[in-house]
2 protein chains.
Amino acid sequence: MGTPSDPPVLADVIAAASRIAPFAHRTPVLRSRGLDEWLGVRAALKCEHLQRVGAFKYRGATNAVQLLSDADAARGVCAHSSGNHAAALALAARDRGIAAHLVMPENVSAVKLAAVRGYGAQVTLCAPTLVAREATVAEVRERTGAIEIHPYDDPRIIAGAGTAALELLDECGDLDAVVTPIGGGGLLAGTCVAVHARTPGIRIVAGEPSGADDAAQSLATGTLVPQTDPRTIADGLLTSMSARTFGIIREHVEQIVTVDDDEIVAAMRVVWQRTKQIIEPSAAVAVAAVRSAVFAPGTNVGIVLSGGNVDLDALPW
Amino acid sequence: MGTPSDPPVLADVIAAASRIAPFAHRTPVLRSRGLDEWLGVRAALKCEHLQRVGAFKYRGATNAVQLLSDADAARGVCAHSSGNHAAALALAARDRGIAAHLVMPENVSAVKLAAVRGYGAQVTLCAPTLVAREATVAEVRERTGAIEIHPYDDPRIIAGAGTAALELLDECGDLDAVVTPIGGGGLLAGTCVAVHARTPGIRIVAGEPSGADDAAQSLATGTLVPQTDPRTIADGLLTSMSARTFGIIREHVEQIVTVDDDEIVAAMRVVWQRTKQIIEPSAAVAVAAVRSAVFAPGTNVGIVLSGGNVDLDALPW
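On a predicted model such as this, the values are computed, not experimentally measured, just so you know.

A.B. asks: Report on the overall build of chain A, specifying residues and quantitative values.
C.D. replies: Summing up its helical and strand segments, chain A has 13 helices and ten strands in all. Over its C-alpha atoms chain A spans a radius of gyration of 18 Å, differing by no more than 12% from the 20 Å that the globule rule assigns to 317 residues. In terms of overall dimensions, chain A has a C-alpha envelope of 55 × 45 × 40 Å along the principal axes. Counting all 317 residues of chain A, 59% fall into the buried class. Considering only residue pairs separated by 6 or more positions, chain A has 72% of its internal contacts joining residues 24 or more positions apart. Within the structure as shown, chain A displays about 11,800 Å² of accessible surface, and the carbon and sulfur contribution to it stands at 50%. The average position of the 27 basic charges and that of the 34 acidic charges among the side chains of chain A differ by 5 Å.

A.B. asks: Can you lay out the nonpolar core for me, pointing to particular residues and giving the numbers?
C.D. replies: The biggest cluster of nonpolar side chains holds 72 residues, and the ones touching the most others in it are Trp272(A), Ile303(A), Trp272(B) and Ile303(B). Dropping the residues within four chain positions of it, Ile303(B) is found in contact with Leu39(B), Ala43(B), Ala44(B), Leu45(B), Lys46(B), Val179(B), Ala286(B), Val287(B) and Val290(B).

A.B. asks: Tell me what's going on with the confidence of the model for chain A, and back it up with residues and numbers.
C.D. replies: Averaged over all residues, the pLDDT of chain A equals 96, while 99% of them reach at least 70. Our summary of model confidence lists the complex with pTM equal to 0.95 and ipTM equal to 0.94.

A.B. asks: Lay out the relation of the copies chain A and chain B in plain terms, naming residues and giving numbers.
C.D. replies: With an RMSD of 0.0 Å, the fit of chain A onto chain B corresponds to turning through 180° and sliding 0.0 Å along the axis. Here the two chains are linked by the operation of a two-fold rotation axis. Closest to the rotation axis within chain A is the C-alpha of Gln277(A), separated from it by 2.6 Å. When the interface residues of chain A are mapped onto chain B, 95% of them again lie at the interface, so the same face is used by both copies.

A.B. asks: Describe the sheet that holds strand β5 (residues 122–126) of chain B, and please don't skip the residues or the numbers.
C.D. replies: Residue and element names in this part refer to chain B. Spatially, β5-β4-β3-β6 is the arrangement adopted by the four strands of the open sheet, whose pairing is parallel. Bordering the open sheet on either side are β5 and β6 (147–148), each of which pairs with just one other strand. Across two bridges, strand β3 (residues 77–80) lies against β6 in parallel orientation. Bridged to Cys-78 within β6 is Glu-148.

A.B. asks: If you had to explain the interface of chain A and chain B to someone new, which residues and values would you point to?
C.D. replies: Opposite the 20 residues of chain A that make contact, chain B presents 19 residues. Between chain A and chain B, roughly 1,700 Å² of surface is buried when both sides are summed, and carbon and sulfur atoms account for 54% of that area. When the buried surface of chain A facing chain B is broken down by residue, Lys276(A), Ile278(A) and Leu312(A) rank first, second and third, together holding 36% of it. Our count for the contact surface shared by chain A and chain B stands at two salt bridges. Salt-bridge contacts for Asp313(B) lead to Arg269(A); the nearest nitrogen and oxygen are separated by 2.9 Å. Summed over the shared surface of chain A and chain B, the result is eleven residue pairs in polar contact (both at pLDDT 80 or more). When residues in the side of chain A that touches chain B are grouped by element, the largest group, four residues, is from helix α12 (residues 261–275) of chain A. When its residues are assigned to classes, the side of chain A that touches chain B shows seven nonpolar, eight polar and five charged.

A.B. asks: Quick one: what's the story with the sheet that holds strand β5 (residues 122–126) of chain A, residue by residue and with numbers?
C.D. replies: Residue and element names in this part refer to chain A. Spatially, the four strands line up as an open sheet ordered β5-β4-β3-β6, and their pairing is parallel. At either margin of the open sheet sits one strand with a lone partner, and together these are β5 and β6 (147–148). For strand β3 (residues 77–80) and strand β4 (residues 100–105), the ladder comprises four bridges, and the chain directions are parallel. Each bridged residue has a counterpart across the sheet, and for His-80 the counterpart in β4 is Val-103.

A.B. asks: Lay out the packing of α12(A) against helix α13 (residues 281–292) of chain A with the relevant residues and their values.
C.D. replies: Residues and elements named next belong to chain A. Taken N-terminus to C-terminus, the directions of α12 and α13 make an angle of 100°; their axes are 8 Å apart at the nearest point. Between α12 and α13, the angle falls in the class roughly perpendicular. Within the contact between the two elements, α12 uses Glu-263, Ile-264, Ala-267, Met-268 and Val-271 and α13 uses Pro-281, Ala-284, Val-285, Val-287, Ala-288 and Ser-292.

A.B. asks: If you had to explain the pairing of β5(B) to someone new, which residues and values would you point to?
C.D. replies: As a general feature of sheets, a regular strand has side chains that alternate between the two faces. Residues and elements named next belong to chain B. Judged from the five bridges that link them, strand β4 (residues 100–105) and β5 form a sheet pairing that is parallel. Among the inter-strand pairings, Pro-105 is bridged to a residue of β5, identified as Cys-126. A crossover links β4 with its parallel partner β5, the connecting element being helix α6 (residues 110–118), and its sense is right-handed.

A.B. asks: I'd love a proper account of the environment of Val294(A), names of residues and values included.
C.D. replies: All names here are of chain A. Residue placement: Val-294 occurs in the loop between α13 and β10 (300–305). Residue classification places Val-294 among the exposed positions, given a relative accessible area of 76%. Spatially, the C-alpha atoms of Val-294 and Gly-40 are 9.4 Å apart, while their sequence positions differ by 254 residues.

Criteria and cut-off values
- Residues numbered from 1 in each chain as written.
- Chains lettered and ligands numbered in written order.
- Predicted model: local features only at pLDDT ≥ 70, side-chain atom pairs only at ≥ 80, totals over all residues.
- Heavy atoms only, no water.
- Helix = DSSP H or I, 4+ residues; strand = E, 2+ residues; numbered from the N terminus.
- Rg over C-alpha atoms; globule rule 2.2 N^0.38 Å.
- Buried < 20%, exposed > 50% of the residue type's maximum accessible area, 1.4 Å probe, protein only.
- Contact = heavy atoms within 4.5 Å.
- Areas by Shrake-Rupley, 256 points an atom, 1.4 Å probe, with all protein chains shown as cover.
- Lys, Arg positive; Asp, Glu negative; His and termini not counted.
- Charge placed at Lys NZ, Arg CZ, Asp CG, Glu CD.
- Core = buried A, V, L, I, M, F, W, Y, C linked by side-chain atoms within 4.5 Å.
- pLDDT = per-residue confidence, 0-100.
- Least-squares fit on C-alpha atoms with pLDDT ≥ 70 in both.
- Pairing = 2+ DSSP bridges.
- Buried area = accessible area lost by both parts, 1.4 Å probe.
- Salt bridge = Lys/Arg side-chain N within 4 Å of Asp/Glu carboxyl O.
- Polar contact = N/O pair within 3.5 Å; in protein donor to acceptor, adjacent residues only side chain to side chain.
- Nonpolar A, V, L, I, M, F, W, Y, C, P; charged D, E, K, R; others polar.
- Axes fitted to C-alpha atoms, helices over the stretch in contact; angles between N-to-C directions.
- Parallel < 35°, antiparallel > 145°, perpendicular 65-115°, else oblique.
- Right-handed = clockwise from strand over helix to strand, strands pointing away.

The following block contains the structure:
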């Protein structure tokens, strides 16, 4: 069980699945007639909002942390993140009994801050800019010797993220398409690796906020377009792809469907009402994309519900 | 598969389980470490918010409707209800291909009204008083010849409601206690019949809003105390028990724990955050009761989450 290939291949995703099995939940796959009517397809919902820390991110973080040598692990891990990667890395580190140092922007929500601290991580707050976050994490790295774990530009993270799609395929043998949201591209790239190595004929489609549509632009132009000014309610999808994730995605993804915030909120609300599942806006992006995409009626579509961490005091309706 | 005994016994609950199996979901049982920490017990959550129409009520309504003779069924069914019984009866009737006439108060929420009409039921609106509701349903009964199905004072409904506890016991062999909310007492009475016939040693506890605590008063005094002025956010628990449900409950229930609206809302919010499951205030009453009750740490408690129908535009926080 060595370090994954770069880029990762199916064997790495399978190895990751075994590696994280003692820690991660095998999340359920739900179906809902009401949602199917609204979407016009037969949807299988892979419930990563029911994963530990409430997001698929725990899979990749656990895979990366468990792959560290004992010597590296003893140094602890660090990252900058305002979102689910912070909580995922904090819990993955606690599972292994090592230190985690998280750099979070000072405007992070109290709920997220409390969650990360609740997992025993050391939190350093900084100004809410990418420059300040990178400078602060560099300072933390230098001071503590901790090993930085990038939220998506890392083959261990990509392979870990791909395990969700592997489980989805195991449970649903008849899928015509798989849809995920795209932010930095770790989930989508891992899904590509898992799905097409198993079943090349399955269509892979992504949903992206129209206010942060760098991936759609990148796929259209064939060149990696960075995200410079994201404006969307889907706060987990603000980042740019890396060359590594884009390289995988451009090979496998048929279409990136952009959806605006109204469509995202509408999809989130329908999922809440029809399935009684709390999903976050970033997860609703994939659902909105299915509603917006042109799938033939009755198409079997697997949707990865990426996470369920929302601020209940600031709902978008 | 004849009419159940009155009061129903375990055989009736088992017969109901077979009868409703082609229609009802076998709902999952969820666990959550975060919720367990908050509750101080090991909780198994029976997810009736994931039942069809989003509430356990579908079980009893389906059992009652399927038990009708063809001649009676041809007359259609009717009831007055502002809540989940209306939707449950409407869908159960549609499943059998018969008419349903629902009398609903004119202040019913638009979402609930649309749900009932969406299942194809005829809706008659009336003034929001018990007198008006009973007079209107009498008029509907006379006009249409439809058979009235009471929401809880009916052995078919009680036996149907008990099937949820049966499934819970089948899945969790190690329960020390089972907790449900109590309103009219159909769910609790059905739970009593199923649980104690199977495993007499399991403690049966109910949660009740302190602003509608007629059942707690009834159990304390040994006399059926009617509910006259309920004031609670748990809008599914406003009604009085019947002699039939009280007769079962007084024999089996160890304790009725009353919880106030603040405790109900706190429990609802913790469930939403920790389990990502949308439950309604009436379901949260059972969770709040477990938090408030004195169970030894590590006690295995089955909690019936009775429903998940909430107005997302009027959340209590």
